[in-house]
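What follows is each chain in one-letter form.
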Amino acid sequence: MKNDFNENLSILNKTIEKNRTFVILSHTKPDGDAVGSELALCKHLKGRKKKVECFSDDIPKIYSFLDGIRKIKPLDNLPGECDICIILDSSNLERCAVEKLPNYNILVNIDHHRDNTYFGDINIIDPSAASTANILFRFFKHIKTDLNKSIAESLYAAIITDTGRFSYANTDLETFLIVADLVKHGASPQKITDKIYKNYSLRNAFIYSKVLSSLRSYNEGELLTIELPFEVIKREGIQSHETEGFMDYIQGIEGHEIALFFKEFEKDVVRISLRSKGRIDVQEIASQHNGGGHKFAAGCTINNDFEQAKKIIINESLKKIRKSQDFS
Ligand SMILES: [Mn+2]
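Note that the structure is a prediction, hence the values are computed from the model and not measured.

Visitor: Give me the environment of K295: which residues, what numbers.
Guide: Take K295: it is sitting in the loop between β11 (292-293) and β12 (297-303). Between the C-alpha atoms of K295 and I24, which are 271 residues apart in sequence, the distance is 31 Å. What K295 contacts, discounting residues up to four positions off in sequence, is I280, D281, V282 and Q283.

Visitor: Residues and numbers for the nonpolar core, please.
Guide: Among the nonpolar cores identified, the biggest contains 50 residues, and I24, I86, I110, L155 and L182 are the most heavily contacted of them. The element best represented in this core is helix α4 (residues 149-162), accounting for eight residues. Setting aside residues no more than four positions away along its own chain, L155 makes contact with A40, A133, L136, F137, F140 and L182. Formed by 20 residues, the second largest nonpolar core is a distinct cluster that contains L260, L274, A309 and I313.

Visitor: Give a description of the sheet that holds strand β9 (residues 258-266) that names residues and reports values.
Guide: Spatially, six strands are ordered β7-β8-β9-β10-β12-β11 in an open sheet, and the strand pairing comes out mixed. Looking at the sheet topology across the chains shown, the edges are occupied by β7 (216-218) and β11. As paired strands, β7 and strand β8 (residues 223-228) are joined by three bridges and run antiparallel to one another. Bridged to S217 within β8 is L224.

Visitor: Could you give me a rundown of the pattern of salt bridges, with the residues and numbers involved?
Guide: Any two side chains of opposite charge can pair, given that their charged atoms come close. Under the definition given, this model contains 16 salt bridges. Notably, a salt bridge pairs E231 with K267, separated by 3.1 Å at the nearest N-O pair. Here E231, found in helix α8 (residues 230-236), pairs with K267, found in the loop between β9 and β10 (269-276); they are 36 residues apart in sequence, far enough to count as distant. Relative accessible area serves as the criterion here: at 43%, E231 is assigned to the partly exposed category.

Visitor: I'd like a description of α4, backed by residues and values.
Guide: Between its terminal C-alpha atoms α4 stretches 20 Å, which fits the 20 Å expected from 14 residues at 1.5 Å a residue. Judged by how many residues are buried, α4 sits mostly within the fold: 13 of 14 residues are covered. Among the residues of α4, the N-terminal cap falls to N148, whose side-chain oxygen and the backbone nitrogen of S150 are separated by 3.1 Å.

Visitor: Would you mind going over the side chain of D89 in detail, with residue names and values included?
Guide: Examined against the element boundaries, D89 turns out to sit in the loop between β4 (84-88) and β5 (106-111). Buried and unpaired, D89 has R95 as its nearest opposite-charge partner, separated by 6.0 Å. One polar contact links D89 to T132, side chain to side chain, over a distance of 2.9 Å. Apart from residues lying up to four places away in sequence, D89 is in contact with H27, D31, D33, A34, R95, I110, D111, H112, H113, T132 and D162.

Visitor: Any chance you could break down the layout of surface pockets for me, citing the residues and the numbers?
Guide: Estimates place the volume of the second largest pocket at around 150 Å³. What lines the second largest pocket is simply L39, C42, K43, K46, V52, E53, C54, D67, G68, K71, I72 and K73. When contributions to the lining of the second largest pocket are tallied by element, the ones reaching two or more residues are α2 (32-47) and β2 (51-56). Residue composition of the lining of the second largest pocket, grouped by class: five nonpolar, one polar and six charged.

Visitor: Go over the packing of α2 against α4, please, and point to the residues and values.
Guide: It is at 7 Å that the axes of α2 and α4 come closest, and there the two elements cross at 160°. Taken as axis vectors, α2 and α4 run roughly antiparallel relative to one another. As for how α2 packs across α4, the hand of that crossing is left-handed. On α4, the residues touching G32, D33, G36, S37, L39, A40, K43 and H44 of α2 are S150, I151, S154, L155, A157, A158, T161 and D162.

Calculation rules
- Residues numbered from 1 in each chain as written.
- Predicted model: local features only at pLDDT ≥ 70, side-chain atom pairs only at ≥ 80, totals over all residues.
- Heavy atoms only, no water.
- Helix = DSSP H or I, 4+ residues; strand = E, 2+ residues; numbered from the N terminus.
- Contact = heavy atoms within 4.5 Å.
- Core = buried A, V, L, I, M, F, W, Y, C linked by side-chain atoms within 4.5 Å.
- Buried < 20%, exposed > 50% of the residue type's maximum accessible area, 1.4 Å probe, protein only.
- Pairing = 2+ DSSP bridges.
- Salt bridge = Lys/Arg side-chain N within 4 Å of Asp/Glu carboxyl O.
- Expected span 1.5 Å × (residues − 1).
- Polar contact = N/O pair within 3.5 Å; in protein donor to acceptor, adjacent residues only side chain to side chain.
- Lys, Arg positive; Asp, Glu negative; His and termini not counted.
- 1 Å grid on protein atoms, 1.4 Å probe; cavity = no way out; pocket = protein on both sides within 12 Å on 5 of 7 lines; lining within 4 Å.
- Points joined across faces, edges and corners; volume = space filled by probe spheres on them.
- Nonpolar A, V, L, I, M, F, W, Y, C, P; charged D, E, K, R; others polar.
- Axes fitted to C-alpha atoms, helices over the stretch in contact; angles between N-to-C directions.
- Parallel < 35°, antiparallel > 145°, perpendicular 65-115°, else oblique.
- Left-handed = near helix turned anticlockwise from the far one by under 90°.

Written out as C-alpha coordinates, the structure is:
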(Lines give C-alpha, C1' and ligand atoms only; values in the text may rest on other atoms or scores of the structure.)
Protein backbone atom coordinates (compact mmCIF):
# COMPACT_ATOMS: atom_id res chain seq x y z
CA MET A 1 0.00 0.00 0.00
CA LYS A 2 2.71 2.44 1.03
CA ASN A 3 4.76 1.66 -2.09
CA ASP A 4 1.73 1.97 -4.33
CA PHE A 5 0.98 5.27 -2.71
CA ASN A 6 4.47 6.65 -3.29
CA GLU A 7 4.47 5.24 -6.79
CA ASN A 8 1.23 7.11 -7.46
CA LEU A 9 2.85 10.30 -6.19
CA SER A 10 5.68 9.76 -8.70
CA ILE A 11 3.17 9.09 -11.49
CA LEU A 12 1.33 12.29 -10.59
CA ASN A 13 4.59 14.21 -10.69
CA LYS A 14 5.50 12.87 -14.13
CA THR A 15 1.99 13.61 -15.37
CA ILE A 16 2.33 17.20 -14.20
CA GLU A 17 5.72 17.48 -15.86
CA LYS A 18 4.41 16.33 -19.23
CA ASN A 19 1.28 18.48 -19.41
CA ARG A 20 0.45 22.17 -19.61
CA THR A 21 -3.15 23.03 -18.74
CA PHE A 22 -4.82 22.09 -15.46
CA VAL A 23 -8.27 22.47 -13.95
CA ILE A 24 -8.70 21.99 -10.19
CA LEU A 25 -12.06 21.30 -8.52
CA SER A 26 -13.31 20.15 -5.13
CA HIS A 27 -16.68 19.32 -3.56
CA THR A 28 -19.77 21.51 -3.21
CA LYS A 29 -20.23 23.51 -0.01
CA PRO A 30 -16.44 23.69 0.21
CA ASP A 31 -14.81 23.48 3.64
CA GLY A 32 -11.32 24.57 4.67
CA ASP A 33 -9.74 21.39 3.33
CA ALA A 34 -11.37 21.80 -0.09
CA VAL A 35 -10.41 25.48 -0.39
CA GLY A 36 -6.95 25.22 1.19
CA SER A 37 -6.01 22.15 -0.83
CA GLU A 38 -7.11 23.76 -4.10
CA LEU A 39 -5.06 26.85 -3.34
CA ALA A 40 -1.94 24.95 -2.30
CA LEU A 41 -1.95 22.75 -5.41
CA CYS A 42 -2.78 25.69 -7.67
CA LYS A 43 0.17 27.72 -6.35
CA HIS A 44 2.47 24.72 -6.66
CA LEU A 45 1.49 24.21 -10.32
CA LYS A 46 1.84 27.91 -11.10
CA GLY A 47 5.34 27.74 -9.62
CA ARG A 48 6.02 25.07 -12.24
CA LYS A 49 4.85 27.48 -14.95
CA LYS A 50 1.68 25.55 -15.69
CA LYS A 51 -1.58 27.09 -16.84
CA VAL A 52 -3.92 26.41 -13.91
CA GLU A 53 -7.53 27.37 -13.27
CA CYS A 54 -9.29 26.69 -9.97
CA PHE A 55 -13.05 26.44 -9.53
CA SER A 56 -15.34 26.23 -6.53
CA ASP A 57 -18.87 26.47 -5.31
CA ASP A 58 -19.46 29.51 -3.01
CA ILE A 59 -16.52 29.86 -0.64
CA PRO A 60 -17.32 30.81 2.99
CA LYS A 61 -16.15 34.35 3.85
CA ILE A 62 -13.85 33.14 6.63
CA TYR A 63 -11.35 31.92 4.03
CA SER A 64 -11.12 35.24 2.21
CA PHE A 65 -7.77 36.04 3.90
CA LEU A 66 -6.04 33.21 2.06
CA ASP A 67 -3.59 34.36 -0.60
CA GLY A 68 -4.96 33.78 -4.12
CA ILE A 69 -8.54 33.05 -3.05
CA ARG A 70 -10.01 35.64 -5.41
CA LYS A 71 -8.56 33.78 -8.37
CA ILE A 72 -10.80 30.78 -7.68
CA LYS A 73 -13.63 31.01 -10.20
CA PRO A 74 -17.29 30.03 -9.92
CA LEU A 75 -18.26 26.61 -11.31
CA ASP A 76 -20.24 28.00 -14.24
CA ASN A 77 -17.00 29.39 -15.73
CA LEU A 78 -15.49 25.94 -16.35
CA PRO A 79 -13.52 25.77 -19.61
CA GLY A 80 -14.37 23.26 -22.34
CA GLU A 81 -11.09 21.43 -22.08
CA CYS A 82 -7.81 20.95 -20.27
CA ASP A 83 -4.95 18.46 -20.22
CA ILE A 84 -5.41 17.39 -16.61
CA CYS A 85 -8.47 17.70 -14.39
CA ILE A 86 -7.77 17.29 -10.67
CA ILE A 87 -10.56 16.65 -8.16
CA LEU A 88 -9.69 17.22 -4.50
CA ASP A 89 -11.34 16.07 -1.24
CA SER A 90 -14.32 14.53 -3.01
CA SER A 91 -15.35 10.90 -2.56
CA ASN A 92 -17.19 10.80 -5.89
CA LEU A 93 -17.86 12.93 -8.95
CA GLU A 94 -21.45 13.64 -7.92
CA ARG A 95 -20.16 15.62 -4.93
CA CYS A 96 -18.50 18.08 -7.33
CA ALA A 97 -21.96 18.94 -8.64
CA VAL A 98 -20.70 20.02 -12.04
CA GLU A 99 -22.94 19.10 -14.89
CA LYS A 100 -20.07 18.46 -17.23
CA LEU A 101 -16.37 18.28 -16.53
CA PRO A 102 -14.07 19.89 -19.09
CA ASN A 103 -12.78 17.45 -21.70
CA TYR A 104 -9.55 16.15 -20.19
CA ASN A 105 -6.82 13.71 -21.06
CA ILE A 106 -6.29 12.50 -17.51
CA LEU A 107 -8.54 12.71 -14.44
CA VAL A 108 -6.74 12.85 -11.08
CA ASN A 109 -8.53 12.01 -7.82
CA ILE A 110 -6.83 13.04 -4.55
CA ASP A 111 -8.82 12.35 -1.39
CA HIS A 112 -8.98 10.93 2.13
CA HIS A 113 -12.64 9.85 2.38
CA ARG A 114 -13.25 6.21 3.24
CA ASP A 115 -16.01 5.89 0.65
CA ASN A 116 -13.96 7.23 -2.28
CA THR A 117 -15.02 5.49 -5.49
CA TYR A 118 -11.62 5.63 -7.25
CA PHE A 119 -13.20 7.49 -10.15
CA GLY A 120 -9.93 8.90 -11.52
CA ASP A 121 -7.34 7.69 -14.02
CA ILE A 122 -4.85 8.39 -11.25
CA ASN A 123 -6.20 7.87 -7.71
CA ILE A 124 -4.22 9.08 -4.72
CA ILE A 125 -6.36 8.01 -1.81
CA ASP A 126 -5.52 7.46 1.84
CA PRO A 127 -8.45 7.20 4.27
CA SER A 128 -6.00 7.31 7.18
CA ALA A 129 -4.88 10.82 6.21
CA ALA A 130 -6.41 13.50 8.44
CA SER A 131 -7.10 15.73 5.43
CA THR A 132 -6.54 15.98 1.69
CA ALA A 133 -3.97 18.64 2.56
CA ASN A 134 -1.95 15.97 4.45
CA ILE A 135 -1.75 14.01 1.19
CA LEU A 136 -0.69 17.09 -0.78
CA PHE A 137 1.99 17.79 1.81
CA ARG A 138 3.29 14.22 1.35
CA PHE A 139 3.36 14.86 -2.41
CA PHE A 140 5.36 18.07 -2.01
CA LYS A 141 7.85 16.26 0.28
CA HIS A 142 8.01 13.26 -2.07
CA ILE A 143 9.08 15.44 -4.98
CA LYS A 144 11.31 17.52 -2.68
CA THR A 145 9.75 20.82 -3.62
CA ASP A 146 10.15 23.86 -1.39
CA LEU A 147 7.10 25.24 0.39
CA ASN A 148 6.56 28.97 0.58
CA LYS A 149 4.53 30.92 3.12
CA SER A 150 1.49 31.16 0.88
CA ILE A 151 1.31 27.40 0.32
CA ALA A 152 2.04 26.75 4.02
CA GLU A 153 -0.89 28.95 5.08
CA SER A 154 -3.28 27.25 2.65
CA LEU A 155 -2.33 23.80 3.94
CA TYR A 156 -2.53 24.94 7.57
CA ALA A 157 -6.05 26.33 7.02
CA ALA A 158 -7.06 23.02 5.43
CA ILE A 159 -5.67 20.91 8.25
CA ILE A 160 -6.89 23.01 11.19
CA THR A 161 -10.48 22.88 9.89
CA ASP A 162 -10.54 19.17 8.95
CA THR A 163 -9.15 18.22 12.38
CA GLY A 164 -11.48 20.57 14.31
CA ARG A 165 -8.53 22.63 15.56
CA PHE A 166 -6.47 19.49 16.15
CA SER A 167 -9.12 17.84 18.31
CA TYR A 168 -10.93 15.16 16.26
CA ALA A 169 -9.99 11.49 16.26
CA ASN A 170 -8.14 11.95 12.94
CA THR A 171 -5.58 14.27 14.58
CA ASP A 172 -2.46 12.12 14.52
CA LEU A 173 1.28 12.42 14.85
CA GLU A 174 1.70 13.04 11.12
CA THR A 175 -0.61 16.02 11.36
CA PHE A 176 1.49 17.64 14.09
CA LEU A 177 4.71 16.94 12.19
CA ILE A 178 3.20 18.52 9.10
CA VAL A 179 1.92 21.64 10.84
CA ALA A 180 5.28 22.06 12.56
CA ASP A 181 6.82 22.21 9.10
CA LEU A 182 4.12 24.62 7.91
CA VAL A 183 4.85 26.93 10.84
CA LYS A 184 8.54 26.72 9.95
CA HIS A 185 7.60 27.98 6.51
CA GLY A 186 5.73 30.98 7.85
CA ALA A 187 2.16 29.85 8.65
CA SER A 188 1.01 31.67 11.80
CA PRO A 189 -1.23 29.54 14.07
CA GLN A 190 -2.61 32.62 15.80
CA LYS A 191 -3.38 34.54 12.62
CA ILE A 192 -5.09 31.60 10.92
CA THR A 193 -7.07 30.64 14.05
CA ASP A 194 -8.25 34.23 14.49
CA LYS A 195 -9.28 34.55 10.84
CA ILE A 196 -11.22 31.28 10.76
CA TYR A 197 -12.61 30.93 14.29
CA LYS A 198 -12.71 34.37 15.88
CA ASN A 199 -14.29 36.26 13.07
CA TYR A 200 -18.06 35.81 13.35
CA SER A 201 -20.52 38.64 13.12
CA LEU A 202 -22.56 40.14 15.96
CA ARG A 203 -25.62 38.96 14.06
CA ASN A 204 -24.29 35.44 14.21
CA ALA A 205 -23.95 35.71 18.00
CA PHE A 206 -27.60 36.87 18.24
CA ILE A 207 -28.75 33.93 16.12
CA TYR A 208 -26.72 31.64 18.38
CA SER A 209 -28.40 33.09 21.47
CA LYS A 210 -31.80 32.21 19.98
CA VAL A 211 -30.68 28.67 19.19
CA LEU A 212 -29.15 28.19 22.62
CA SER A 213 -32.34 29.33 24.35
CA SER A 214 -34.14 26.46 22.58
CA LEU A 215 -31.97 23.89 24.40
CA ARG A 216 -34.02 21.05 25.90
CA SER A 217 -32.93 18.04 27.88
CA TYR A 218 -34.50 14.57 27.96
CA ASN A 219 -33.78 11.63 30.28
CA GLU A 220 -31.88 13.80 32.73
CA GLY A 221 -29.52 15.23 30.16
CA GLU A 222 -28.83 12.05 28.19
CA LEU A 223 -30.49 13.53 25.11
CA LEU A 224 -30.10 17.22 24.23
CA THR A 225 -31.90 19.12 21.48
CA ILE A 226 -31.67 22.58 19.92
CA GLU A 227 -33.85 23.92 17.13
CA LEU A 228 -34.59 26.59 14.56
CA PRO A 229 -38.21 26.34 13.38
CA PHE A 230 -39.29 27.90 10.09
CA GLU A 231 -40.98 30.90 11.77
CA VAL A 232 -37.70 32.00 13.40
CA ILE A 233 -35.63 31.33 10.27
CA LYS A 234 -38.05 33.34 8.14
CA ARG A 235 -38.41 36.22 10.59
CA GLU A 236 -34.65 36.62 11.05
CA GLY A 237 -33.68 35.76 7.45
CA ILE A 238 -31.25 33.09 8.65
CA GLN A 239 -29.11 31.34 6.01
CA SER A 240 -28.00 27.74 6.43
CA HIS A 241 -24.27 28.60 6.64
CA GLU A 242 -25.04 30.89 9.59
CA THR A 243 -25.91 27.90 11.78
CA GLU A 244 -22.62 26.06 11.44
CA GLY A 245 -20.62 25.37 14.57
CA PHE A 246 -23.60 25.75 16.95
CA MET A 247 -23.44 22.06 17.83
CA ASP A 248 -19.89 22.38 19.14
CA TYR A 249 -21.01 24.00 22.39
CA ILE A 250 -23.84 21.52 22.92
CA GLN A 251 -21.47 18.61 22.29
CA GLY A 252 -19.24 19.91 25.05
CA ILE A 253 -21.96 19.44 27.69
CA GLU A 254 -20.95 16.60 29.99
CA GLY A 255 -23.04 13.52 30.57
CA HIS A 256 -25.10 13.39 27.37
CA GLU A 257 -25.21 10.57 24.82
CA ILE A 258 -26.90 12.19 21.80
CA ALA A 259 -27.35 15.80 20.69
CA LEU A 260 -29.84 16.81 17.98
CA PHE A 261 -30.24 20.05 15.99
CA PHE A 262 -33.55 20.52 14.13
CA LYS A 263 -33.62 23.11 11.33
CA GLU A 264 -36.58 24.01 9.12
CA PHE A 265 -35.34 26.18 6.26
CA GLU A 266 -38.42 25.26 4.23
CA LYS A 267 -41.82 24.72 5.76
CA ASP A 268 -42.26 21.03 6.68
CA VAL A 269 -38.77 20.09 5.46
CA VAL A 270 -36.86 19.38 8.65
CA ARG A 271 -33.11 18.90 8.55
CA ILE A 272 -31.64 17.07 11.51
CA SER A 273 -28.01 16.96 12.62
CA LEU A 274 -27.28 14.05 14.94
CA ARG A 275 -24.19 13.90 17.14
CA SER A 276 -23.15 11.11 19.45
CA LYS A 277 -20.78 11.51 22.35
CA GLY A 278 -19.08 8.31 21.20
CA ARG A 279 -21.05 5.32 22.42
CA ILE A 280 -24.17 5.26 20.28
CA ASP A 281 -24.26 4.92 16.49
CA VAL A 282 -26.41 7.83 15.28
CA GLN A 283 -25.80 7.03 11.61
CA GLU A 284 -28.19 4.12 12.11
CA ILE A 285 -30.94 6.58 13.03
CA ALA A 286 -30.12 8.91 10.12
CA SER A 287 -30.00 6.10 7.57
CA GLN A 288 -33.55 5.05 8.48
CA HIS A 289 -34.56 8.42 7.00
CA ASN A 290 -32.32 8.23 3.92
CA GLY A 291 -29.62 10.23 5.64
CA GLY A 292 -25.96 9.44 6.10
CA GLY A 293 -22.68 10.51 7.59
CA HIS A 294 -20.46 8.85 10.13
CA LYS A 295 -21.11 6.72 13.20
CA PHE A 296 -20.93 9.66 15.59
CA ALA A 297 -21.94 12.54 13.29
CA ALA A 298 -24.82 12.08 10.88
CA GLY A 299 -27.65 13.96 9.25
CA CYS A 300 -31.01 13.39 7.60
CA THR A 301 -34.07 15.25 6.33
CA ILE A 302 -37.69 14.50 7.19
CA ASN A 303 -40.53 15.95 5.13
CA ASN A 304 -43.09 16.43 7.84
CA ASP A 305 -44.50 18.91 10.30
CA PHE A 306 -41.72 20.32 12.52
CA GLU A 307 -43.09 18.96 15.81
CA GLN A 308 -43.84 15.58 14.21
CA ALA A 309 -40.32 15.26 12.80
CA LYS A 310 -38.85 16.20 16.18
CA LYS A 311 -41.00 13.60 17.90
CA ILE A 312 -39.87 10.85 15.50
CA ILE A 313 -36.15 11.47 15.93
CA ILE A 314 -36.35 12.18 19.66
CA ASN A 315 -38.20 8.90 20.24
CA GLU A 316 -35.76 6.92 18.10
CA SER A 317 -32.83 8.50 19.93
CA LEU A 318 -34.30 7.73 23.35
CA LYS A 319 -34.89 4.16 22.25
CA LYS A 320 -31.25 3.87 21.18
CA ILE A 321 -30.07 5.28 24.49
CA ARG A 322 -32.25 2.84 26.44
CA LYS A 323 -31.07 -0.07 24.33
CA SER A 324 -27.42 0.81 24.87
CA GLN A 325 -28.03 0.80 28.62
CA ASP A 326 -29.68 -2.63 28.49
CA PHE A 327 -26.47 -4.08 27.08
CA SER A 328 -24.00 -2.31 29.30
MN1 LIG B 1 -11.22 16.76 3.83
